[in-house]
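An overview of the molecular structure
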Amino acid sequence: SQQGEEDPQALSIQEGENATMNCSYKTSINNLQWYRQNSGRGLVHLILIRSNEREKHSGRLRVTLDTSKKSSSLLITASRAADTASYFCASTDSWGKLQFGAGTQVVVTP
Amino acid sequence: EAGVTQFPSHSVIEKGQTVTLRCDPISGHDNLYWYRRVMGKEIKFLLHFVKESKQDESGMPNNRFLAERTGGTYSTLKVQPAELEDSGVYFCASSQEIGDDYNEQFFGPGTRLTVL
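To start, this report covers the structure provided alongside it. (Residues numbered from 1 in each chain as written. Chains lettered and ligands numbered in written order. Predicted model: local features only at pLDDT ≥ 70, side-chain atom pairs only at ≥ 80, totals over all residues. Heavy atoms only, no water.)

With that settled, consider unusual backbone geometry. Residue Pro8(B) is bonded to the preceding Phe7(B) through a cis peptide linkage, with omega at -5°. By secondary structure assignment, the location of Pro8(B) is in the loop between strand 1 (5-7) and strand 2 (10-13). Cis geometry is found at the peptide bond from Gln80(B) to Pro81(B), where omega equals -10°. Here Pro81(B) lies in the loop between strand 8 (75-79) and strand 9 (88-95). Despite not being glycine, Ala78(A) has its phi angle at roughly 45°, a positive value. Along the chain, Ala78(A) turns up in the loop between strand 8 (71-76) and strand 9 (85-92). Relative accessible area serves as the criterion here: at 36%, Ala78(A) is assigned to the partly exposed category. A positive phi angle, close to 55°, is found at Lys51(B), a residue other than glycine. Relative to the helices and strands, Lys51(B) is located in the loop between strand 5 (43-50) and strand 6 (53-56). (Helix = DSSP H or I, 4+ residues; strand = E, 2+ residues; numbered from the N terminus. Buried < 20%, exposed > 50% of the residue type's maximum accessible area, 1.4 Å probe, protein only.)

If you want it as structure tokens, here you go:
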């Protein structure tokens, strides 16, 4: 089964707007992480939320986790053109193995 | 301090040829992971080294793929012989330790492999 299925697959917004993307997973997790990938570059770790946490904030990022629904959301507030990237959620097992979703491509236009 | 580096950044080879990808993790990181993303699909785990030992290689697609990490430092991933479906971006990541529930992995920029 595929972990971390995300929606939407693509999101186009204007600067200043908020961007919300969702992620669902199928098995038990130790934690769930969100990563960003700018075109042609590696993955950058954004935020981690533990399985016993429900919400976490980091700067303009807000992550929620609902373990009963096996879902998570990432909210980027007051988006900027520099936020244009692909965003991935990934569940983590006890050995750190990441299982990624297909990602959400976010485009922020000035 | 240097991050995770990968070489080459791009590789274009013909079907049937051999390619070797290299990953240099962050110094001192015992854990090294390989992932790949084929076109339009999700990023998939390939394998995990703890120092020089393979902790988990459940994601290796078949025996055409061979990963090594001699001496527990850099790692190589060899594809022999390469097939068309091996095309994609191969990422390497490293982490310092396995905590109870936290394991930030630092990713390299990836190697884009194209098999013609």
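Okay, the interface of chain B and chain A next. Taken together, the contact between chain B and chain A spans 22 residues of the former and 22 residues of the latter. Across the interface of chain B and chain A, roughly 1900 Å² is buried in total on both sides, 55% from carbon and sulfur atoms. Our count for the chain B to chain A interface comes out at one salt bridge. When residues of the side of chain B that touches chain A are traced back to their parent elements, those giving at least two are strand 4 (31-37), strand 5 and strand 6 of chain B. (Contact = heavy atoms within 4.5 Å. Buried area = accessible area lost by both parts, 1.4 Å probe. Salt bridge = Lys/Arg side-chain N within 4 Å of Asp/Glu carboxyl O.)

For soluble globular proteins, nonpolar side chains are generally found buried alongside one another. Ranked by size, the top nonpolar core spans 22 residues in total, and within it Met21(A), Leu32(A), Trp34(A), Leu46(A), Leu74(A), Ile76(A) and Tyr87(A) carry the most contacts. Among the secondary structure elements, those contributing two or more residues to this core are strand 2 (10-14), strand 3 (19-24), strand 4 (31-37), strand 5 (43-50), strand 7 (61-66), strand 8, strand 9 and strand 11 (104-109) of chain A. When residues no more than four places from it in sequence are discounted, the contact partners of Leu32(A) are Cys23(A), Tyr25(A), Ile47(A), Leu48(A), Ile49(A), Ser72(A), Cys89(A), Ala90(A) and Ser91(A). Residues Trp34(B), Leu46(B), Phe49(B) and Leu113(B) belong to the second largest nonpolar core, which totals 21 residues. (Core = buried A, V, L, I, M, F, W, Y, C linked by side-chain atoms within 4.5 Å.)

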